Every structure is written in C-alpha cells, then in structure tokens.
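# Structure assessment
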Amino acid sequence: MLSLVKQNKKIKLLLFSCVVLAVLNYTAGVFVYRTYIQKLSQASVGCQIFLVDGSFKGEVSIRSPKGLTIIPIDYQIYFYDKRGNTLQLIADSLDGQLHATFDTPVREKILSTQWHVEGYSNVKIKWLWLTMNLTMPIEVVVK
Amino acid sequence: MRKIILFFILMSFIYHAVVFELILGRFSPLPSYILWVIVGVISWVLGLSVQSFSRTLFIIIGSFIVAGIVSYFLMSYYIKESVTDLVQMVTLKMISISLLTIFVLSSVCALFGYMFRSR
C-alpha cells in the first residue's frame, strides 16, 4: 500500500501530465489550422482563355504556396447563359500536373448569345499529417 | 476555495478543448479518444481531491456551461473562412451527442473519484 503523501504526488503528476498533453494538443491544433488556412488562401487556380478564330485556346495553371503540396485532379470550365443553362463545358483530367493547355472549338450557340463563365478544379492537398480533397474555384479571364 | 477556482478554470479549458477536437480534430496531432481519456482522468482527480460531491457537481456543471459559451464565441474565430469541408464536419447531431456523452462520462468519473477517495 502506498503512503498517502506518495499517492498524492502520483495523482498530481498524473493530473499535470494530462493537462500538459491537452494544452499541447490544443495549441498545436490551433496553430496548424491557422497556418493551413493561411497557406490555402495563397493557393489559387488561374485560367486564361483566348477566343481565336472559332476555338477557345487557354491555359489552366495552379499556383501552390511554399510547403503545401497540391495534387490537381481535374478542371471544369462551364459557359452559362443568362438563365443558367450550360452552353459548353471544357473539362479534362490534370493528373498531378500544375499546368494544362486546351484547344476546343467554340459551339455556335456561344457566338450568338450572352454568356458568363465559371470554373472549378478538384485538388488533393497534402500538408504535414493532413490530406484533404477540395474543390477550388478557377479565376477565369477571357480575352 | 483556491482549489475550486483552479479546477473550475481547468475543467472549462478541457471541455473547450473537447469541443475544439470535435470541430478541428483533423488538425490536432493527438487522436480524439486520447482527449476523452484525459477528460475522464481529470474528472476522476477532481472528484478525488474536492472533498464534497456537491462542489464537484457545481464545478462540472458550471465549467461545462462556461466552456459552451466560450466555444460558441471562439467558433466564429476558428471557422472564419468558411471552408466548406470544415463546415460540413460540424453537424449539430455529432456535437450534441458527443457533448452529452462527454458530460455524462465526466460526471461518472468524478463520482467514482469521490466514492473511492482516501479519507
């Protein structure tokens, strides 16, 4: 049987180690989360599209910040008309490459109506012990 | 009195850490169940060292409420950028069920600590 003083010491040690573990876990979690968000907000997907004699020529490029590994999966660029119907879709697999070019013929409907364009890219993000699958919006510039 | 205040702050923090673990568990290095064990151990020590169970219960309930309020306000800081993936993780169901479980677990651990204290 342990003496009462010794037992008290052991309980205090147990309490102390538990508290230290919890505090470390908490601060590390907050720190990792804030850094992750900061890094993620620096990442962006850009796309420039040129309308050259009847075809869309463009380039998709993903900018990844230092230390954060971005593995692109695919990209989708939608051309919508006023009512939200899809006029044309340009999509392809990226397969881990940060740059991709495309050359697609323009559909006739697009030349005759008003339209706007939106794009999404599915990416896999790896950083420290984190792996995330995210959908990032593409900043599309049409010239 | 000092002991009660210290334990009150400690329990508030630990409950808040559990809420944090529920929301952002992926980002913290330790797995969630370790934190649940830690809550159990600390509650047990609380019941062991505070000499009356009414005070223990007061500390547990009070700090649980305080931790809830603190977490509510800090949540708007954690999820400032609405990363959709994170928001999806915070479902009401998960949080309410887990919080109820952790509260009951903690109370029972404290009761055991009180029952088997050394006089």
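Refer to the structure printed above.
Since this is a predicted model, take the numbers as computed values, not measurements.

## Let's talk about the overall build of chain A
The helix and strand inventory of chain A stands at two helices and seven strands. Scanning chain A from its N terminus toward the C terminus, one meets helices and strands in the order α-β-β-β-β-β-α-β-β. Principal-axis analysis of the C-alpha atoms places the extent of chain A at approximately 90 × 30 × 20 Å. Looking at chain A as a whole, 41% of its 143 residues qualify as buried. The contacts in chain A between residues at least 6 apart in sequence include a share of 60% that link residues at least 24 apart. About 8,900 Å² of surface is accessible on chain A, with carbon and sulfur atoms providing 56% of the total.

## Regarding the packing of aromatic side chains
Enumeration over the complete set of coordinates arrives at 16 aromatic pairs over all chains. Ring centres of A:Tyr36 and B:Phe27 lie 5.3 Å apart, and the angle between their planes is 50 degrees; this geometry places the pair in the tilted category. Linking A:Tyr36 in helix H1 (residues 4–42) with B:Phe27 in the loop between helix H1 (2–24) and helix H2 (32–49), this pair reaches from one chain into another. This pair shows no difference in class: A:Tyr36 is buried, exactly as B:Phe27 is. Both rings, one in A:Phe56 and one in A:Trp115, keep their centres 6.3 Å apart while their planes meet at 80 degrees; by these two values the pair is edge-to-face. Note that A:Phe56 is positioned in strand E2 (residues 55–63) and A:Trp115 in strand E6 (residues 115–127), a separation of 59 residues in sequence.

## Some details on the side chain of A:Gln76
Residues and elements named next belong to chain A. Turning to its location among the elements, Gln 76 is positioned in strand E3 (residues 69–81). Exposure remark for Gln 76: the relative accessible area of 18% places this residue in the buried category. Only 3.3 Å separates the side chain of Gln 76 from the side chain of Tyr 78, close enough to count as a polar contact. Setting aside chain neighbours within four positions, we find Gln 76 in contact with Leu 89, Ile 90, Ala 91, Glu 118, Gly 119, Tyr 120, Asn 122 and Ile 138.

## Remarks on the pairing of E2(A)
Residue and element names in this part refer to chain A. For strand E1 (residues 44–52) and E2, the ladder comprises nine bridges, and the chain directions are antiparallel. Bridging across to E2, Phe 50 finds its partner in Lys 57. Hairpin connection between E1 and E2: a loop of two residues separates the two successive antiparallel strands, and Gly 54 in this loop has a positive phi of roughly 80 degrees. Examined bridge by bridge, E2 and strand E5 (residues 99–105) share seven bridges and lie antiparallel to one another. Looking across to E5, one finds that Glu 59 is bridged to Thr 101.

## Considerations on the nonpolar core
Counting residues in each nonpolar core, the largest one holds 68 residues, and the members touching the most others are A:Tyr36, A:Tyr75, A:Ile77, A:Phe79, A:Phe102 and A:Ile125. Considering every element that reaches this core, the biggest residue donor is H1(B), with 13 residues. Aside from chain neighbours lying at most four places away, what touches A:Tyr36 is A:Leu68, A:Ile125, A:Trp127, A:Leu130, A:Met132, A:Leu134 and B:Phe27.

Rules used in this analysis
- Residues numbered from 1 in each chain as written.
- Chains lettered and ligands numbered in written order.
- Predicted model: local features only at pLDDT ≥ 70, side-chain atom pairs only at ≥ 80, totals over all residues.
- Heavy atoms only, no water.
- Helix = DSSP H or I, 4+ residues; strand = E, 2+ residues; numbered from the N terminus.
- Buried < 20%, exposed > 50% of the residue type's maximum accessible area, 1.4 Å probe, protein only.
- Contact = heavy atoms within 4.5 Å.
- Areas by Shrake-Rupley, 256 points an atom, 1.4 Å probe, with all protein chains shown as cover.
- Phe/Tyr/Trp six-rings, centres within 6.5 Å; stacked < 30°, edge-to-face > 60°.
- Polar contact = N/O pair within 3.5 Å; in protein donor to acceptor, adjacent residues only side chain to side chain.
- Pairing = 2+ DSSP bridges.
- Core = buried A, V, L, I, M, F, W, Y, C linked by side-chain atoms within 4.5 Å.

Just geometry here; none of it tells us what the structure is for.
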